[in-house]
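# Architecture at a glance
Here is how the chains run, residue by residue.
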Amino acid sequence: MDRIDKITQQWERERPDLDISPMGLIGRLGNVAYHLTREMEKVFAEFGLNRSSFDVLATLRRSGKPYTLSPGDMLATLMVTSGTMTNRIDQLEKAGLVSRHTNPDDGRGFLVSLTNDGLTLINQVIEAHTKNQARLVAKLTLEERQALNQLLRTFLGTFES
């Protein structure tokens, strides 16, 4: 019995008229997300990054050579506001990890590229990040990870379809 079970038992006792069955699932998902985020942030911090800066650098890196995207392309992937994206790019540019240059296809816009320092850093961080992720799921068997992944894909699809 975990603390979520204790909470749901209390609600069952106090409000037996309510269906609190989703409460355990949602509570556990929230707690798992909290713990995962906290553990991943520790790795990002080792490299002077946070989740937001990691997301931008990782998005540019996984786009492939020349590791360049428009802010709009990044917005579609990262699901943040344009103001938030501009702030993230500004901070990474100040750190020398990305550069901005005019978009040759649209003189009014610009493109964001990884600098050599940015590429070196994100390559180091992604290696540490994937090792950390493997550590975080190591208590689950391969079959459990696959089953959980499929269940979460289905559940997430109800929000994102």
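See the structure shown above.
Presented here is an overview of the structure given in this document. What you are looking at is a predicted structure, and each value in this text was computed from that prediction instead of being measured.

Turning our attention to the overall build of the protein. Check the secondary structure of the protein and you find seven helices and three strands. The order of helices and strands in the protein, counted from the N terminus, is α-α-α-β-α-α-β-β-α-α. In terms of overall dimensions, the protein is more spread out than a globule: its C-alpha atoms have a radius of gyration of 20 Å, far above the 15 Å expected for 161 residues. Dimensions of the protein, computed from the C-alpha atoms along their principal axes, are close to 65 × 30 × 25 Å. Counting across all 161 residues of the protein, residues that qualify as buried make up 26%. For the protein, long-range pairs separated by at least 24 residues make up 45% of all intrachain contacts whose partners lie at least 6 apart in sequence. Total accessible area on the protein is roughly 10,900 Å²; 56% of this is exposed by carbon and sulfur atoms.

Right, let's get into the packing of aromatic side chains. Counted according to the given criterion, the structure contains two aromatic pairs. Residues phenylalanine 44 and phenylalanine 54 carry aromatic rings whose centres are separated by 4.3 Å and whose planes lie at 20° to one another, so their mutual orientation is stacked. With phenylalanine 44 in helix H2 (residues 21–46) and phenylalanine 54 in helix H3 (residues 51–62), this pair connects stretches of sequence that are 10 residues apart. Residue class for phenylalanine 44 comes out buried when judged on its relative accessible area of 0%. For phenylalanine 54, a relative accessible area of 6% corresponds to the buried category. Aromatic pair phenylalanine 155 and phenylalanine 159: ring centres 5.4 Å apart, planes at 75°, arrangement edge-to-face.

The next subject is the pairing of strand S3 (residues 106–114). Alignment of strand S1 (residues 68–69) against S3, held across two bridges, turns out to be antiparallel. Bridging across to S3, leucine 69 finds its partner in valine 112. Here strand S2 (residues 98–103) folds back onto S3 in antiparallel fashion, the turn holding two residues.

Our next topic: helix H1 (residues 3–14). For H1, built from 12 residues, the straight-helix expectation of 16 Å at 1.5 Å per residue is met to within 8% by its first-to-last C-alpha distance of 17 Å. For H1, the capping residue at the N-terminal end is aspartate 2, with a side-chain oxygen 3.1 Å from the backbone nitrogen of isoleucine 4.

Reading across from one edge, S1-S3-S2 is the order of the three strands in this open sheet, with antiparallel pairing throughout. Edge positions in the open sheet fall to S1 and S2, since each of these has one partner strand only.

Okay, the packing of H2 against helix H6 (residues 116–137) next. Look at H2 against H6: their axes get within 10 Å of each other, and the N-to-C directions meet at 150°. One element, H2, and the other, H6, form an angle in the roughly antiparallel class. The hand of the H2/H6 crossing is right-handed. Each of Leu36, Glu39, Met40, Val43 and Phe44 in H2 lies in contact with H6, whose residues at this interface are Val125, Ala128, His129, Asn132, Gln133, Arg135 and Leu136. Considered class by class, the residues forming the contact of H2 with H6 number seven nonpolar, three polar and two charged.

As a further point, take the nonpolar core. Grouped together as the largest cluster of nonpolar side chains are 22 residues, with contacts concentrated most on Leu57, Leu60, Met74 and Val98. For this core, the leading source of residues is H3, giving five residues. Among all residues touching methionine 74, those that are not within four sequence positions of it are Val56, Thr59, Leu60, Leu69, Met85, Ile89 and Val112.

Criteria and thresholds
Residues numbered from 1 in each chain as written. Predicted model: local features only at pLDDT ≥ 70, side-chain atom pairs only at ≥ 80, totals over all residues. Heavy atoms only, no water. Helix = DSSP H or I, 4+ residues; strand = E, 2+ residues; numbered from the N terminus. Rg over C-alpha atoms; globule rule 2.2 N^0.38 Å. Buried < 20%, exposed > 50% of the residue type's maximum accessible area, 1.4 Å probe, protein only. Contact = heavy atoms within 4.5 Å. Areas by Shrake-Rupley, 256 points an atom, 1.4 Å probe, with all protein chains shown as cover. Phe/Tyr/Trp six-rings, centres within 6.5 Å; stacked < 30°, edge-to-face > 60°. Pairing = 2+ DSSP bridges. Expected span 1.5 Å × (residues − 1). Polar contact = N/O pair within 3.5 Å; in protein donor to acceptor, adjacent residues only side chain to side chain. Axes fitted to C-alpha atoms, helices over the stretch in contact; angles between N-to-C directions. Parallel < 35°, antiparallel > 145°, perpendicular 65-115°, else oblique. Left-handed = near helix turned anticlockwise from the far one by under 90°. Nonpolar A, V, L, I, M, F, W, Y, C, P; charged D, E, K, R; others polar. Core = buried A, V, L, I, M, F, W, Y, C linked by side-chain atoms within 4.5 Å.

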